[in-house]
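Close look at the chain arrangement
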Amino acid sequence: METKRNYNLVNLSKKYPNKWLALTKDHRKVLSVGNKLKEVSMQSKGKDVVFLKILPTNSFYMPATL
């Protein structure tokens, strides 16, 4: 059984506001950064990565259902 982990991404949000990131599967290393998912995907082509959109620091995210 796989253990779920909470990763502290606060430092990434300060360093890369409003950017797309490609992270390693363990979320410890940034492989590429860009303004568009397509460019980040192309830079990390062939690697096993996790894509993440960092929101601007002056915004928030509130999930909702319709």
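Scroll up to find the structure this text is about.
Figured I'd write up the structure that's included with this text. (Residues numbered from 1 in each chain as written. Predicted model: local features only at pLDDT ≥ 70, side-chain atom pairs only at ≥ 80, totals over all residues. Heavy atoms only, no water.)

So, the overall build of the protein
When its secondary structure is counted, the protein shows two helices and three strands. Counting helices and strands in the order they occur from the N terminus, the protein gives α-β-β-α-β. Each principal axis of the C-alpha atoms in the protein carries an extent, and together these give about 35 × 35 × 30 Å. Burial analysis of the protein (66 residues in total) assigns 18% to the buried set. In the protein, of all internal contacts separated by at least 6 residues, the share reaching a separation of at least 24 is 39%. For the protein, the accessible surface area stands at approximately 5,800 Å², while carbon and sulfur atoms represent 53% of it. Taking the 13 positively charged and 4 negatively charged side chains of the protein as two groups, their mean positions are separated by 7 Å. (Helix = DSSP H or I, 4+ residues; strand = E, 2+ residues; numbered from the N terminus. Buried < 20%, exposed > 50% of the residue type's maximum accessible area, 1.4 Å probe, protein only. Contact = heavy atoms within 4.5 Å. Areas by Shrake-Rupley, 256 points an atom, 1.4 Å probe, with all protein chains shown as cover. Lys, Arg positive; Asp, Glu negative; His and termini not counted. Charge placed at Lys NZ, Arg CZ, Asp CG, Glu CD.)

What to know about the pairing of strand 2 (residues 30-34)
As defined by bridge partners, strand 1 (residues 20-24) adjoins strand 2 across four bridges and the pair is classed as antiparallel. What sits directly across from Trp20, in strand 2, is Gly34. (Pairing = 2+ DSSP bridges.)

Concerning unusual backbone geometry
With a phi close to 60 degrees, Asn18 is a non-glycine residue in the positive phi region. Counting through the fold element by element, Asn18 comes out in the loop between helix 1 (10-15) and strand 1. We classify Asn18 as partly exposed; its relative accessible area is 40%. Unlike most non-glycine residues, His27 shows phi in positive territory, near 60 degrees. Its place among the elements puts His27 in the loop between strand 1 and strand 2.

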